[in-house]
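# Understanding the architecture of this molecule
Okay, here's what each chain looks like letter by letter:
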Amino acid sequence: MTALVTIEGLTKRFPKQAEPALRSVSTQIRSGHIVGLVGPDGSGKTTFLRLIAGLLRPDEGGIDVGGFDPVANAKEVRARIAYMPQRFGLYEDLSVEENLNLYADLRGLVGSARKATFERLLDFTGLAPFTGRLAGALSGGMKQKLGLACALVVTPELLLLDEPSVGVDPISRRELWRMVSRLTDEGITVVWATAYLDEAEKCETVLVLSEGDLIFDGRPTDLAARVAGRVFLIEGIEGDRRYVLNRARQHEAVMDGTIQASHVRLLLNENARALSLASIGAGDEARLKPVAPRFEDAFIDLIGGGFRAESPFAGGSQRSHDIAIAVEARGLTRMFGSFTAASEISFDVRRGEVFGLIGPNGAGKSTTFKMLSGLLKPTSGEARIAGVDLRTAASEARARLGYMAQKFSLYGDLSTMQNLRFFARVYGLTGARQRTMIARMIESFALTDKLDENSGQLPLGFKQRLSLACAVMHEPDVLFLDEPTSGVDPRTRREFWAHINAMVTNGVTVIVTTHFLDEAEYCDRAALIYRGQMIALGTPAELKAQAASSTMPNPTFEDAFIALVEKNEAETSP
Amino acid sequence: MWQRIYALIVKELLASARDPQTRWVVLFSPPFLLLIYAFAITQEVSDVTLAVYNQDHGNASVELISRFEVAEVFDQIIHLRAGADIAPTIDARRATLVMRVGEDFSRRLERGESAEVQLILDGRRSNTAQILLGYSSRIVETYNRERLDRLRATAPVRLVQRTWFNPNLEPLWSAVPALFAVLVAVVGFMVSALSIARERELGTFEQLLVSPLRPFEILIGKSVPALLIALTSASAMLVLGMLFLNVPIRGSLALLFFGMVVYLAAIVGIGLFISSLAKTQQQAIIGLFMYMVPAVLISGYATPVENMPDWLQGLAAATPITHFIVISKAVYLREAPLWLYFSHIWPMALIAAASLLAATWLFRRRTG
């Protein structure tokens with residue numbers, strides 16, 4: 001097969017940034033392949049795609065798309081490529097058909113060719129029944145499908161997709177993936193940028209970017225091969241798996257550790273001889289079981305391992321709650337007009353538990369979360385935190401909880417330090433205690449170099465760190481985290497969970513929402529929310545067991561989620 | 001509690017000071033606007049073209065026309081030859097007014113009868129037309145008086161004018177106090193109306209709601225900085241007005257500032273009320289303009305409140321701008337008696353109390 005795109009020594013700098021966004025990247029993209037473009041936020045994925053599309057001018061190096069230079073021969077290149085940016089320009093107030101018409105007009109597709117193309121695209125995306133619906137009223141997954149259809153009104157040779165699966169539920173994600181693989185059968189070359197490493201695993205080739213450097217270029221299986229024989233699961237842990245993980249993470253033989261339901265998953269060092277399970281306090285019954293490596297294990301290995309330091313929150317002051325039930329949800333229901341965003345959601349969260357609200361965007365988990373934290377009034381039902389309803393609670397009750405919103409919600413015009421000071425004062429920290437706690441947060445979250453920078457200008461990882469710092473500075477008893485790791489690279493995600501686990505060990509109760517289903521593994525118990533309903537509740541192991549079948553004896557959390565959703569749909573539809 | 005309010009005030013002030021756009025819009029642009037508007041609304045008329053259609057050939061008409069010719073306001077004089085030229089001249093804006101002198105003008109005057117001069121004005125430029133009418137009447141009046149003097153006769157009634165508080169009828173003197181009141185309101189409105197809507201839009205508001213801050217604490221923490229910022233901007237406007245516009249301040253500055261604090265409390269209350277209603281900054285701005293434009297129009301800024309129908313006067317009294325324009329004029333142009341200040345301060349205090357309470361109430365309701 002021939003190379004469709006050839007890139008030589010590509011470097012791109014942006015003004016006012018010390019480091020280049022891309023540093024001498026050279027690679028070839030073969031025609032008919034799906035190429036996965038992976039890397040944390042800010043690693044240069046979007047810059048890379050925009051350079052190929054001719055939307056940016058390279059500072060050094062060259063790009064060749066089918067014999068043309070994207071900048072000098074913009075017209076020829078544009079005729080050959082389709083680019084779907086992260087936020088595709090759908091007009092939310094226009095219907096599906098009107099959006100398609102608009103893009104067809106822009107691309108000069110008329111007459112019978114237009115009719116045939118529309119039929120094919122609507123059939124292909126499954127949007128045919130919804131042509132009259134406003135684009136704004138579509139679900140996240142359908143919007144992405146419509147975006148894809150609009151990008152494909154003229155069949156391109158090269159399709160550039162920038163994180164098409166962000167904000168899309170797991171089922172739609174799989175459909176989107178199937179649609180795109182069908183395109184490659186027709187000979188279209190696809191570059192698929194993604195933060196989901198499981199998607200990258202399915203690509204024929206992956207390009208891994210890290211801070212502007214291309215650190216891997218090859219087949220995902222080759223990358224996974226570098227960690228072959230080094231990935232293990234500790235099964236049969238006695239006692240707290242969080243404690244075992246924390247000990248293991250800091251062990252010299254361990255590169256990375258995560259929680260997987262009631263087990264701990266470890267990536268061992270290349271020259272690690274053996275790991276004594278007793279040395280990490282796993283108990284007598286614990287066994288080390290080799291498992292097949294995943295792309296993420298290899299990715300973490302490639303970037304030098306996970307978060308291995310001790311969380312500064314470990315050994316903090318113990319919260320002494322007088323009650324065993326920290327959070328109660330009783331028949332929580334919320335209507336927006338005639339739309340039921342959450343329906344009859346009930347559960348209890350015990351003190352010191354990590355409780356997950358899991359589900360795709362728009363499923364109702366944020367609505368439930370907001371009702372719990374007192375931000376949204378339930379249409380019926382009630383929510384109690386430590387025995388009080390936060391909507392009517394005294395200011396003192398709110399002082400005992402910490403809240404980290406999904407969107408960055410600190411003051412962007414204030415510096416890091418000013419934000420810390422503001423939240424310290426609002427939460428009643430004064431004098432010496434204020435200084436101590438602020439200093440501890442700065443140290444814990446490595447904010448020292450960023451103190452005078454406007455928080456709005458911080459890189460995403462630091463924004464999230466600062467948000468978490470502001471939420472936990474006053475040592476809350478109950479911590480609400482809404483998508484805390486959304487858009488954060490895998491290593492920072494591990495760091496966050498190390499902190500959260502350390503706080504939980506101190507008796508803090510954590511309510512967390514996430515759409516990263518593998519993160520649900522960290523929860524003690526999780527509620528699956530889908531279309532406003534709580535479709536399952538249990539420990540990760542229980543949820544997986546519910547979904548296990550003869551064809552899928554060891555489902556991942558995502559498999560379990562999809563199986564449970566399908567089961568629910570089969571039960572509810574007549 | 002005080003620490004929390006203090007934290008919020010410090011945060012608001014820092015945020016405004018650190019954002020270059022806010023800094024410009026809120027602190028620097030209003031004084032700048034004061035200068036621009038002040039010069040723009042200057043009511044002096046100059047560069048006017050006068051068209052003359054003289055059918056009379058006597059001395060009297062030539063003398064009268066020459067008086068118009070030497071008047072400074074008429075920059076250019078064109079002479080028309082036929083009555084049919086009058087309409088096109090006005091239509092095409094070649095002249096703002098046409099003076100027509102009838103053919104028997106001189107003859108009638110010589111016979112001791114009264115004669116007529118016709119002035120045709122361009123009503124499309126009504127303001128200019130009115131001013132020019134005044135000028136022209138004065139020229140004709142002077143002409144009459146001097147003619148009577150020459151005949152050793154006296155006019156039966158002679159008018160002697162004196163305008164108090166603004167003896168030279170300086171247009172800026174009447175414009176600046178009202179403009180000052182409106183611009184202070186604009187700053188207060190902008191800062192307050194955007195504040196909550198902005199936080200709501202950015203998502204920071206939820207962060208405040210889950211914190212120990214109580215609704216009324218948030219409200220105080222939002223009002224005080226808005227008030228301080230508007231006061232700073234107002235002080236800058238006062239200084240500029242004195243330095244560049246030469247508008248004197250005759251009354252007590254202390255009373256002005258006292259009145260302004262009450263005024264701004266009312267303005268900020270209304271702004272926060274609008275802000276609590278809005279979901280986004282855009283909605284807040286639209287809401288603000290829907291209130292502000294009519295409020296300014298009925299406030300007596302452009303037309304006197306006394307000329308409005310009763311129901312509109314009632315509405316005007318519920319608008320803080322109406323009251324502060326009176327106070328502002330009182331301080332600028334004279335030393336008004338104390339009762340006058342207080343008769344306008346208490347209604348503003350009432351509006352402030354009502355709007356702040358309404359904002360707090362709305363704010364509780366809108367939180368979910």
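Small disclaimer: the values here were computed from a predicted structure and weren't measured.

About the criteria used
- Residues numbered from 1 in each chain as written.
- Chains lettered and ligands numbered in written order.
- Predicted model: local features only at pLDDT ≥ 70, side-chain atom pairs only at ≥ 80, totals over all residues.
- Helix = DSSP H or I, 4+ residues; strand = E, 2+ residues; numbered from the N terminus.
- Rg over C-alpha atoms; globule rule 2.2 N^0.38 Å.
- Buried ≥ 20, exposed ≤ 12 C-beta atoms within 10 Å, placed from the backbone.
- Contact = placed C-beta atoms within 7 Å.
- Pairing = 2+ DSSP bridges.
- Axes fitted to C-alpha atoms, helices over the stretch in contact; angles between N-to-C directions.
- Core = buried A, V, L, I, M, F, W, Y, C linked by C-beta atoms within 7 Å.
- Parallel < 35°, antiparallel > 145°, perpendicular 65-115°, else oblique.
- Left-handed = near helix turned anticlockwise from the far one by under 90°.
- Nonpolar A, V, L, I, M, F, W, Y, C, P; charged D, E, K, R; others polar.
- pLDDT = per-residue confidence, 0-100.
- Right-handed = clockwise from strand over helix to strand, strands pointing away.

Of the regular secondary structure elements, chain B holds 14 helices and 4 strands. Here chain B has a C-alpha radius of gyration of 28 Å; the compact-globule value for 368 residues is 21 Å, and the former is much larger. When its C-alpha atoms are laid out on the principal axes, chain B stretches across 95 × 45 × 40 Å. Counting only residues that meet the buried cut, chain B has 38% of its 368 residues in that class.

So, about helix 13 (residues 416–426) of chain A. Where burial is concerned, most of helix 13 of chain A is hidden: 9 out of the 11 residues are buried. For helix 13 of chain A, every residue scored as buried is listed here: Thr-416, Gln-418, Asn-419, Leu-420, Arg-421, Phe-422, Phe-423, Ala-424 and Val-426 of chain A. On its buried face, helix 13 of chain A is in contact with helix 14 (431–444) and helix 15 (460–472) of chain A together with helix 1 (2–18) of chain B.

All names here are of chain B. Strands sit in the order 2-1-3-4 across an open sheet of 4 strands; the sheet is mixed. A strand with exactly one partner marks an edge of an open sheet, and here the two such strands are strand 2 (74–79) and strand 4 (117–121). Strand after strand, the sheet turns through a mean of 25° between neighbouring axes, direction not considered. Of the pairings in the sheet, the one linking strand 1 (residues 48–54) to strand 2 comprises 5 bridges and is parallel in character.

Residues and elements named next belong to chain A. The antiparallel open sheet is built from 4 strands, whose spatial order is 11-12-10-13. Looking at which strands have only one partner, the edges of the open sheet turn out to be strand 11 (254–260) and strand 13 (287–290). Strand-to-strand twist of the sheet, defined as the mean angle between neighbouring strand axes without regard to direction, takes the value 30°. Sheet topology note: the strand 10 (residues 231–235)/strand 12 (residues 263–268) ladder contains 4 bridges and is antiparallel. Paired with Val-231 across the strands is Leu-267, a residue of strand 12. The sheet contacts of helix 9 (residues 241–249) involve strand 10, strand 11 and strand 12, and relative to strand 11 the element is tilted by about 170°. Of the strands in this sheet, strand 10, strand 11 and strand 12 are in contact with helix 10 (residues 295–302), which crosses strand 11 at around 145°.

Of all hydrophobic cores here, the largest spans 250 residues; its most connected members are Leu-160, Val-191, Val-510 and Leu-528 of chain A. Looking at this core element by element, the count peaks at 20 residues for helix 7 (residues 171–202) of chain B. When near neighbours in sequence (up to four residues on either side) are disregarded, Val-510 of chain A contacts Val-354, Phe-355, Leu-479, Leu-481, Ile-500 and Val-504 of chain A. Ala-51, Tyr-53, Phe-68 and Phe-74 of chain B belong to the second largest nonpolar core, which has 13 residues in total.

To continue, consider the packing of helix 17 (residues 540–547) of chain A against helix 18 (residues 557–572) of chain A. Think of two packed helices as two axes; the pair is described by the angle between the axes and how far apart they sit. Residues and elements named next belong to chain A. Helix 18 packs onto helix 17 with a crossing angle of 55° between their chain directions and a minimal axis gap of 8 Å. Taken together, helix 17 and helix 18 sit at an angle that is classed as oblique. Considering how the two elements wind past one another, helix 17 and helix 18 form a crossing that is left-handed. The segment helix 17 lies against helix 18, with Pro-540, Leu-543, Lys-544, Gln-546 and Ala-547 engaging Phe-557, Asp-559, Ala-560, Ala-563 and Leu-564. Residues of the contact of helix 17 with helix 18, tallied by class, amount to 7 nonpolar, 1 polar and 2 charged.

All names here are of chain B. Taken as a whole, chain B shows an average pLDDT of 84; of its residues, 95% reach a score of 70 or greater. Of all the helices and strands in chain B, helix 2 (residues 20–40) carries the lowest mean pLDDT, 78, while helix 10 (residues 253–277) carries the highest, 91. Across the interfaces of the predicted complex, the ipTM metric reaches 0.75, alongside a pTM of 0.78.

Moving on to the interface of chain A and chain B. Chain A puts 26 residues into the contact, and the matching count from chain B is 21 residues. Where the side of chain A that touches chain B is concerned, the elements lending two or more residues are helix 12 (395–398), strand 18 (401–404) and helix 13 of chain A. A total of 4 residues in the side of chain A that touches chain B trace back to one element, the largest contributor, which is helix 13 of chain A.

All names here are of chain B. Of all 7 residues in strand 1, 5 are buried, a share of seventy percent or more. Traced from strand 1 through helix 3 (residues 59–70) to strand 2, the parallel crossover comes out right-handed. Relative to strand 3 (residues 97–101), strand 1 is paired through 5 bridges, and the arrangement is parallel. Paired with Ala-51 across the bridge in strand 3 is Val-98.

Residues and elements named next belong to chain A. Across 5 bridges, the pairing between strand 8 (residues 205–210) and strand 9 (residues 213–218) is antiparallel. What sits directly across from Val-206, in strand 9, is Gly-218. Where strand 8 folds back on strand 9, the antiparallel hairpin that results is connected by 2 residues, among which Glu-211 adopts a positive phi of roughly 50°.

In the Ramachandran plot, Ser-24 of chain A falls in the positive-phi region, its phi being about 25° despite a non-glycine side chain. Topologically, Ser-24 of chain A is positioned in strand 2 (residues 22–30).

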